[in-house]
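What follows is each chain in one-letter form.
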Amino acid sequence: MGRADFHYDFPHRSLLSIADLNPLDVQMLLERASHWHAINRTPDKKHDPLKGLTQINLFFENSTRTQASFELAGKRLGADVLNFSVSASSTAKGETLADTARTLAAMNPDLLVVRHKASGAPDFIARETGLSVINAGDGTREHPTQALLDAFALTESLGDVGGRRILIVGDILHSRVARSNVLLLSLLGAQIRLCAPPTLLPADADRWGVEVFHDLDDAIEGCDAVMTLRLQKERMSGGYIPSEREYFRFYGLTHRRMEAAQSGALVLHPGPMNRGVEIDGALADDEEVSLILDQVEAGVAVRMAVLEMLGEQTRRNTERRR
Amino acid sequence: MGRADFHYDFPHRSLLSIADLNPLDVQMLLERASHWHAINRTPDKKHDPLKGLTQINLFFENSTRTQASFELAGKRLGADVLNFSVSASSTAKGETLADTARTLAAMNPDLLVVRHKASGAPDFIARETGLSVINAGDGTREHPTQALLDAFALTESLGDVGGRRILIVGDILHSRVARSNVLLLSLLGAQIRLCAPPTLLPADADRWGVEVFHDLDDAIEGCDAVMTLRLQKERMSGGYIPSEREYFRFYGLTHRRMEAAQSGALVLHPGPMNRGVEIDGALADDEEVSLILDQVEAGVAVRMAVLEMLGEQTRRNTERRR
Amino acid sequence: MGRADFHYDFPHRSLLSIADLNPLDVQMLLERASHWHAINRTPDKKHDPLKGLTQINLFFENSTRTQASFELAGKRLGADVLNFSVSASSTAKGETLADTARTLAAMNPDLLVVRHKASGAPDFIARETGLSVINAGDGTREHPTQALLDAFALTESLGDVGGRRILIVGDILHSRVARSNVLLLSLLGAQIRLCAPPTLLPADADRWGVEVFHDLDDAIEGCDAVMTLRLQKERMSGGYIPSEREYFRFYGLTHRRMEAAQSGALVLHPGPMNRGVEIDGALADDEEVSLILDQVEAGVAVRMAVLEMLGEQTRRNTERRR
């Protein structure tokens, strides 16, 4: 499906939360991602739907991987891409978030990719600037392109995820990845299970429309896919878990544990992995079941789809305003 | 005015100081900036006057904002842009300034944007390398593109600044922004006032052809525009001022204070702002009077004009040399 | 020689070690570098042999200069270039080298430029990912593009280096530059001499097919070129040498010392220099004998040749696989 044939009037100015998307939006994004996914495997991966547009990656939190994925996505679509990392910038000089955002907005970017440690910061920036903002992770709230790439990788392998039983295990409490995935997998009709030690589960998880477990072996039973989350190093010393070793014993994903799942069940991890903490290295490396590298590859394609849809919409709006 | 119609043989190899410019140079730069300013508001802001040329941003001082402005300017004009930040590089390994500059020059850049904490470093680098150098701020000496963008923003709002009364208030002593603005505003025929506490005023300011004030309320009377300068955090603990609070009381710009100015008088600030120190937040955010975001927007356009004129001249010179 | 006329089926998927190259490979690389070298001096240095390909510079060691050279090389050839610096990334979060490499590989780069403090890391990454890898310096082992650029600069000035007497002086023990140069200069038929204090000479240097000296004045006698190596600051406090001053006295390259060499003998240094330690500033700056800036210029051209040959091969392979 080339650009000329592709028409979907994406009805959102920004991608801030999975909650804003309807099933058709998701379907069109995943279909378009599939187009770019195939192109990314060829030696002709430079195209120009975003030519003439400027994309700024505004990262208040250090994340080389996510930033690289967005940077490649934008460049392959022909945008001018600028990385603006705020640890080394004016915020250190006491500038407010609004001032930083408005200053960058005054440079006339068309797309703003924002990561911030405060939940809601991308929404705030979208309101303050009126720009097209993509949430690349905000606090413990959302990471919508991560959920979309997970859905892409799952769909490629499982087909329709509707009715599938999918388990998310680990530090749900602090995980924006889990929150975005619960929203998106629900929208796609999956049956979602969460599993975590009580200290790492949000108090309101029972109202998320999911099944909650504390025992991993119970949780895993009959699942079609298991997504395990990164255990941040700071949790290990924060009193949330007794030790890495204990954590692995009770919540580490292994081949043996996966035996209780459906035959052919898949394993996902948003990366970077702590081998031997939340996942056994041998399982992570088992290409039969592990989607971990497929997720990374899907990430670039999904971000291209998102940037392209928002970019084309921005282009239309800007032309209309003139 | 498209590229084909635009002809001005910019008579300078580098932009090191406002003192090198004549009124026609300034007029042509501002006119050309106006062309790019309009284009920057469209979704077709990628053009190719600098295609085939290499721009290196050589920053010895950390400045994400100014670097971003130059980077976007170069990319939108089709240059290959390289950021070379020296805090993390060979200077840490004991390399001399001349060796760093000559090494980069050996990579055949066509345009070198230089920021350095030592006054005169860009001139030195221009002499050592023979390259086209743009001074992006050197010590306490000059920041010519800042003055040009201020003039652009003022001209857009006031029309001709000739005969206008313009006040610069704050830490004049350490301010390259003030020095470049005094030179440029004088060239454009404005009547310039400076206002600062005696500790933050250069000893020779009375020979700059300006009116000097210590009392802000006196200084502001009848002005058409007031530019307030950032108070660097290190001044606050350096014995230059009693406290931030005292500074704001005597030198902070507020709506009330602006009442003494001309009706419709404008406010400028080079950013990043310390709200509540040199300027009241409500005044900074008042779109009727504040040009602060217009300055940022003008910055990209003015830098595009400068890069284009120097780049085209470099292109002609290089072709002639072959 | 334009692109259309240039055909050499480079028989290597990666450039990991000079030891993998045969004389024809080297000849073709240097010839192609000569093409780009000429183009880099014009204002039309943007071309598109790598258009549609993605180059990732994966630097585990800080090296602004080498990274800048590879970045410019890739950009001038039309690649999308991404800098991925690992000090600030996931490795800090405990990710393994293999996981970092495989994650980046999943983003479908076509060319991976790798610098790492561990000898052999680029080979490991090439095996793990199956990608086209260029070794940009690994531990104390190899830095093949440095040797190629040295050969380019020498050949430009001396003509054929076959039979020429070339001395490498300094910290041979820790130098990947020396190892790659010994391999390449041997391949090209030069007579190689090494000179170092006994503490800075590898134990097996007598088996490298070179002449070994400890006295610089003896070593320099009759040489056509002398390459002096950077003395890393950490050696100075590591007990390898008595003091910088002593080192300069016995191993510092000066005009006076060069008098023993052939008339017109040349001086090389991989940079960045410690003036007054391994080389006298006046000698480094003597354009009659010093090739130091020619080396830097050659670096971009040689890297363009390497990236182009590997890139075109990757393009053919990827197309074949589809």
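Residues numbered from 1 in each chain as written. Chains lettered and ligands numbered in written order. Predicted model: local features only at pLDDT ≥ 70, side-chain atom pairs only at ≥ 80, totals over all residues. Heavy atoms only, no water.

Asker: Just to check I follow, could you spell out the environment of A:Arg115 for this structure?
Answerer: Residues and elements named next belong to chain A. Looking at where arginine 115 falls in the secondary structure, it is placed in strand β3 (residues 111-116). Along the sequence, arginine 115 and asparagine 62 sit 53 residues apart, while their C-alpha atoms lie 8.6 Å from each other. A distance of 3.2 Å separates polar atoms of two side chains, one belonging to arginine 115 and the other to histidine 143. (Helix = DSSP H or I, 4+ residues; strand = E, 2+ residues; numbered from the N terminus. Polar contact = N/O pair within 3.5 Å; in protein donor to acceptor, adjacent residues only side chain to side chain.)

Asker: In this structure, what is going on with the interface of chain A and chain C? I would like to understand it.
Answerer: How large an interface is tends to be reported as the accessible area lost when its parts come together. Across the contact, 27 residues belong to chain A and 28 residues belong to chain C. Both sides of the chain A and chain C interface together cover about 2,500 Å² of buried area, and 55% of this is carbon and sulfur. Two residues, A:Asp44 and C:Arg315, come together in a salt bridge whose shortest N-O distance is 3.5 Å. Scanning the region where chain A abuts chain C turns up twelve residue pairs in polar contact (both at pLDDT 80 or more). Elements with a minimum of two residues in the side of chain A that touches chain C: α2 (64-76) and α12 (292-321) of chain A. Broken down by element, the side of chain A that touches chain C gets its largest block of residues, eight residues, from α2(A). Of the residues assigned to the side of chain A that touches chain C, the class counts are eight nonpolar, six polar and 13 charged. (Contact = heavy atoms within 4.5 Å. Buried area = accessible area lost by both parts, 1.4 Å probe. Salt bridge = Lys/Arg side-chain N within 4 Å of Asp/Glu carboxyl O. Nonpolar A, V, L, I, M, F, W, Y, C, P; charged D, E, K, R; others polar.)

Asker: Looking at this structure, how should I read the interface of chain A and chain B?
Answerer: Residue-level contacts link 28 residues of chain A with 27 residues of chain B. Summing both sides of the interface, chain A and chain B together bury roughly 2,500 Å²; the carbon and sulfur share of this comes to 55%. Our count for the chain A to chain B interface comes out at six salt bridges. Broken down by secondary-structure element, the contributors of at least two residues to the side of chain A that touches chain B are β1 (54-59), β2 (80-85), α3 (97-105) and α12 of chain A. For the side of chain A that touches chain B, the element with the most residues is β2(A), which contributes five residues. When grouped by side-chain class, the residues that make up the side of chain A that touches chain B number nine nonpolar, nine polar and ten charged.

Asker: I would appreciate a short explanation of the UniProt feature "binding site: L-aspartate" (unreviewed entry) in chain A in the present structure.
Answerer: Residue and element names in this part refer to chain A. UniProt's feature table lists "binding site: L-aspartate" (unreviewed entry) at Lys93, Arg176 and Arg230, given in the numbering used throughout. Following the sequence through the fold, arginine 230 ends up in the loop between β8 (225-228) and α8 (233-236). Residue classification places arginine 230 among the buried residues on the basis of a relative accessible area of 9%. Within the structure, arginine 230 has its side chain in polar contact with the backbone oxygen of proline 272 (distance 2.7 Å). (UniProt positions renumbered as here; feature names shortened; annotations may be inferred. Buried < 20%, exposed > 50% of the residue type's maximum accessible area, 1.4 Å probe, protein only.)

Asker: Sorry, what's going on with the relation of the copies chain A and chain C here?
Answerer: Both copies of the chain are related by a screw-like operation: a rotation about an axis and a shift along it. Rotating chain A by 120° and moving it 0.0 Å along the rotation axis overlays it on chain C with an RMSD of 0.0 Å. Those values place the two copies in the arrangement expected of a three-fold rotation axis. (Least-squares fit on C-alpha atoms with pLDDT ≥ 70 in both.)

Asker: It is not clear to me how unusual backbone geometry should be interpreted in this structure. Could you clarify?
Answerer: The bulk of non-glycine residues show a negative phi, and the bulk of peptide bonds are trans. Put simply, B:Gly271 and B:Pro272 share a cis peptide bond, and its omega is -15°. Its place among the elements puts B:Pro272 in the loop between β9 (266-268) and α11 (281-284). Positive phi outside glycine occurs at A:Asn108, with the angle close to 60°. Along the polypeptide, A:Asn108 turns up in the loop between α3 and β3. Of the residues examined, A:Asn108 reaches a relative accessible area of 17% and is grouped as buried.

Asker: What should I look at first to understand the domain arrangement of chain A in this one?
Answerer: Residue and element names in this part refer to chain A. According to the domain assignment, chain A contains domain 1 (3-143 + 298-321) and domain 2 (144-295). Inter-centroid distance (C-alpha atoms) of domain 1 to domain 2 is 26 Å. Between domain 1 and domain 2, the residue contacts involve 33 residues of the former and 26 residues of the latter. Surface buried jointly by domain 1 and domain 2 totals about 2,200 Å² across both partners, of which 69% is contributed by carbon and sulfur atoms. (Domains from an automatic or database assignment.)

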